[in-house]
Amino acid sequence: MTDTQTLIENRPPSVANLFLERVEATPDAEAYRYPVLSAGGGPDSWRSLNWQEAATRVFAIAAGLMDLGVRPEERVAIASATRVEWILADLGVLCAGAATTTVYPSTNADETAFILADSGSRVLIAENAAQLAKAVERRAELPELSHVVVIDADGIDTATGGEGDDGGEGWVLSLADLEKRGALYLEKHPGAVRDAIGAITKDQLATLIYTSGTTGRPKGVRLPHDCWAYMARAIQANGLLEAADVQYLWLPLAHVFGKVLTAGHITIGHVTAVDGRVDKIIENLPVVQPTYMAAVPRIFEKVYNGVAAKARAGGGAKYKIFKWASEVAREYAKVTQENRRRTGTASAPFALSAQHAVADRLVYGKLREAFGGKLRACVSGSAALAPEIGYFFSGAGIHILEGYGLTESSAASFVNPGEAYRTGTVGKPLPGTEVRIAEDGEILLRSPGIMQGYHGLPEKTAEVLEPDGWFHTGDIGELSADGFLTITDRKKDIIKNSNGKYIAPAAVEGQFKATCPFISNVLVIGADRNFCTALIALDEPTILGWAADNGLEGKPYAEVVASAQVRELIGGYVERVNEDLQRWQQIKTFRVLPRDLDVEHGDLTPSLKLKRPVVEREFKDLIDDMYSGTRES
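A brief look at the structure comes next. Computed from a prediction, not measured in an experiment: that's the story for all the values here. (Residues numbered from 1 in each chain as written. Predicted model: local features only at pLDDT ≥ 70, side-chain atom pairs only at ≥ 80, totals over all residues. Heavy atoms only, no water.)

**Observations regarding the sheet that holds strand β14 (residues 400-404)**
Pairing in this open sheet of nine strands is mixed, and the strands run β2-β1-β11-β10-β12-β13-β14-β15-β16 from one edge to the other. Across the chains shown, the open sheet's two edge strands, defined by having one partner strand only, are β2 (45-50) and β16 (428-429). Two strands pair when backbone bridges link them, and β14 and strand β15 (residues 414-415) are joined in this way by two bridges, in the antiparallel orientation. Note that in β15 the partner of Tyr-404 across the bridge is Phe-414. Lying on the sheet, helix α11 (residues 256-268) is in contact with β1 (30-36), β10 (246-249), β11 (271-274), β12 (292-295) and β13 (377-380); it crosses β10 at an angle near 155 degrees. (Pairing = 2+ DSSP bridges. Helix = DSSP H or I, 4+ residues; strand = E, 2+ residues; numbered from the N terminus. Contact = heavy atoms within 4.5 Å. Axes fitted to C-alpha atoms, helices over the stretch in contact; angles between N-to-C directions.)

Right under this line is the structure:
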């Protein structure tokens, strides 16, 4: 048995066990850095927690939850942005033997209530009064929710209707109060948390992460403790990260990609700087000076577009230099990656190397400094990274290692190997993960990281999970002779934006048709984009009837649908539909098509089903126009 096999097969049953091992091995080593907000509007200061200090808080949270009556496998929900308290709370839940339900802080009250009810969550750890208010609003629908713990307690009185802890019932308490309660509990039961950790079995539920489905309601993915222990050891065995690394963690921890990074951090023991404020990334990078960072493609797109815009603003000469340097970077990356693949050496011809050296002094060096100057590698996941963006950063010395995984596979199934990465692929499987390509090209995975199933949905589970453990990803891919995976298509209709959020277009399209009487067909677009758009076709008789009453009488259909009046009309319905959508589902801009979609043009099947690829090809110019600006989601 190899060292890698031994490491993985001899893993403990849970990350809680790994956390104890880490604390005992390096109690005084720095574990976390986190920002302390400046009161005067100046730069934030950063503080640190070592592993022992973190453990003290984690144990207090775990014991506090036990004192509230939380028992093994019972769910504790966390609705908060990424911050150090999220990680400490999650570890507290795991060390109590309970399970974490993750909730995006941007989730609306209706869907938050659904997740809390469907998961049967007993406690909600809410970031602030705004998250608390969602639970208060739907409290009657949440009989199993016995307590809400608030991280930032300011504004609790307002959120609970001015009744403080909600009428003296103790339903709401602060995180500080929970930790005090836990400390008192540990005085009476000093071995309670360690005993709880010792009783955890590998098949015990650890996490419920809700992912959108075609029904419009999200499905809860059941991930047991062993998923995270396996992921931690597989990341360690992969060898990409080292104890000396500094990770900058800003990804949403409600997302499986962010969550898996916390498992790898514990087993390796490097420093993690935690700050989920996306608008602070550019400011934080030179301060944190990370050696490693994970991100979704949209971040790299924004950086690239920002650099290009800055060069353009600097005048024609600067922009010309930037465009030249960009092309050199891409060519250099393609040549060196191909030579490494063929010969094992990342070489380039003398002339290209000389051009690259000049471009490095003029452009690339400044770009690396913007990332903090010490970055060894970035991992990109949750959606496809445009190869041209990847090649640009590769040639500029910022190495983006694409990976692949799903919520159902605990996020990390494939990742590109260090220096031997190949842009445009998602790399090789992590140790312990098996892959095969089905006859129809679908990627099938099997590993200890695969989910137990969808919470309360055995039929849905059976659709994707075979009895022998093979999971159907719904994605189409190809494996190279040496094991690199390339994702070539999506088998399922669900799309994923460049921030890693899933969207069910049919559900959104259905809402449009139910809301707007003028719509004949609508196509929602957003796969691998940073926001959603829509192509809208109007019903000719209906819209011409409206036109006759609104100053457009006698105008032909094409002229009517191109008018400012119709755009304003449809825009009102778009705003109305957006009110009922999650932020990442909302339509940011749209185009009204010059004609309706029909069978004759090949837009629809004989049974009137929409042929998405056909419509997207036909109206590619309109789609490109909607994404030609820099508007963000």
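Once the structure has been displayed, the description carries forward.
**Quick word on the nonpolar core**
If you look at the biggest cluster of nonpolar residues, it comprises 136 residues, and the most contacted ones within it are Phe-19, Tyr-32, Val-193, Trp-250, Phe-371 and Phe-393. No other element matches the ten residues that helix α3 (residues 51-67) contributes to this core. The contact partners of Phe-19, leaving out residues within four places of it in the chain, are Trp-51, Ala-54, Ala-55, Val-58, Leu-91, Cys-95 and Ile-266. Counting residues in hydrophobic clusters, the runner-up holds 33 residues, among them Cys-516, Ile-570, Val-574 and Leu-581. (Core = buried A, V, L, I, M, F, W, Y, C linked by side-chain atoms within 4.5 Å. Buried < 20%, exposed > 50% of the residue type's maximum accessible area, 1.4 Å probe, protein only.)

**Examining the side chain of Glu-85**
Inspection of the secondary structure assignment puts Glu-85 in helix α4 (residues 84-95). Of note is the side chain of Glu-85, whose polar atom sits 2.8 Å from the side chain of Arg-83. Not counting residues up to four positions away in its chain, the partners in contact with Glu-85 are Arg-57, Ile-151 and Leu-175. (Polar contact = N/O pair within 3.5 Å; in protein donor to acceptor, adjacent residues only side chain to side chain.)

**Side note on the pairing of β10**
With burial as the criterion, each face of β10 is covered, one bearing Val-246 and Tyr-248 and the other bearing Gln-247 and Leu-249. With four bridges connecting them, β10 and β11 associate as parallel partners. The partner of Gln-247 across the bridge, within β11, is Thr-272. On the question of chirality, the crossover connecting β10 to the parallel β11 by way of α11 is right-handed. (Right-handed = clockwise from strand over helix to strand, strands pointing away.)

**Re the sheet that holds strand β26 (residues 587-592)**
Taken in spatial order, the three strands make up an open sheet running β24-β25-β26, and their pairing is mixed. With one partner strand each, in any of the chains shown, β24 (519-525) and β26 form the two edges of the open sheet. For this sheet, the mean inter-axis angle between neighbouring strands, taken without regard to orientation, is 25 degrees. Both β24 and strand β25 (residues 532-538) contribute to a ladder of six bridges, which runs antiparallel. Bridge pairing in β25 links Ile-525 to Thr-533. Packing of helix α21 (residues 564-578) onto the sheet brings it into contact with β25 and β26, and relative to β26 it is tilted by some 145 degrees.

**A look at empty space enclosed by the protein**
Counting across every chain of the model gives three cavities of 30 Å³ or more. The computed volume of the largest cavity comes to approximately 350 Å³. Surrounding the largest cavity, 29 residues form its lining, Phe-257, Val-260, Val-379, Ala-412 and Val-415 being those nearest its centre. A per-element tally of the lining of the largest cavity places α11 first, with six residues. (1 Å grid on protein atoms, 1.4 Å probe; cavity = no way out; pocket = protein on both sides within 12 Å on 5 of 7 lines; lining within 4 Å. Points joined across faces, edges and corners; volume = space filled by probe spheres on them.)

**Some thoughts on the packing of aromatic side chains**
This structure, assessed with the given rule, holds 14 aromatic pairs. Between the aromatic rings of Tyr-304 and Phe-392, the centroid separation amounts to 4.9 Å while the plane-to-plane angle is 75 degrees, which identifies the pairing as edge-to-face. Linking Tyr-304 in helix α13 (residues 297-313) with Phe-392 in helix α16 (residues 387-395), this pair joins segments that are 88 residues apart in sequence. Here Tyr-304 falls in the buried class, since its relative accessible area comes to 15%. One aromatic cluster is present, formed by Phe-300, Tyr-304, Tyr-319, Phe-322, Phe-371, Phe-392 and Phe-393 through successive ring pairs. When the ring centre of Phe-590 is taken as origin, the NZ or CZ atom of Arg-567, which lies over that ring, is 4.3 Å away. (Phe/Tyr/Trp six-rings, centres within 6.5 Å; stacked < 30°, edge-to-face > 60°. Lys NZ or Arg CZ within 6 Å of the ring centre and 35° of its normal.)

**Topic: unusual backbone geometry**
Its identity as a non-glycine residue notwithstanding, Glu-73 has a phi of 70 degrees, on the positive side. Checked against the element boundaries, Glu-73 lands in the loop between α3 and β3 (75-79).

**Observations regarding the pattern of salt bridges**
Counted according to the given criterion, the structure contains 34 salt bridges. For Asp-226, the salt bridge identified is with Arg-11, shortest N-O distance 2.8 Å. One end of the pair, Asp-226, is in helix α10 (residues 225-238); the other, Arg-11, is in the loop between α1 (3-9) and α2 (15-25), with 215 residues separating them in the sequence. Assessed through its relative accessible area of 8%, Asp-226 is described here as buried. The partner of Arg-340 in a salt bridge is Glu-419, with the nearest N and O atoms 4.0 Å apart. Here Arg-340 is found in helix α14 (residues 316-343), whereas its partner Glu-419 is found in the loop between β15 and β16, with 79 residues between them in sequence. Judged by relative accessible area, which is 26%, Arg-340 ranks as partly exposed. Here Glu-419 falls in the exposed class, since its relative accessible area comes to 65%. (Salt bridge = Lys/Arg side-chain N within 4 Å of Asp/Glu carboxyl O.)

**What about a nonpolar patch on the surface?**
A contiguous nonpolar surface patch, about 300 Å² in accessible area, is contributed by Ile-321, Trp-324, Val-358 and Leu-362. Elements supplying a minimum of two residues to the nonpolar patch: α14 and α15 (350-370). Residue placement: Val-358 occurs in helix α15. (Patch = residues over 30% accessible without salt bridge, like charges linked within 9 Å, V, L, I, M, F, W, Y side chains within 5 Å. Areas by Shrake-Rupley, 256 points an atom, 1.4 Å probe, with all protein chains shown as cover.)

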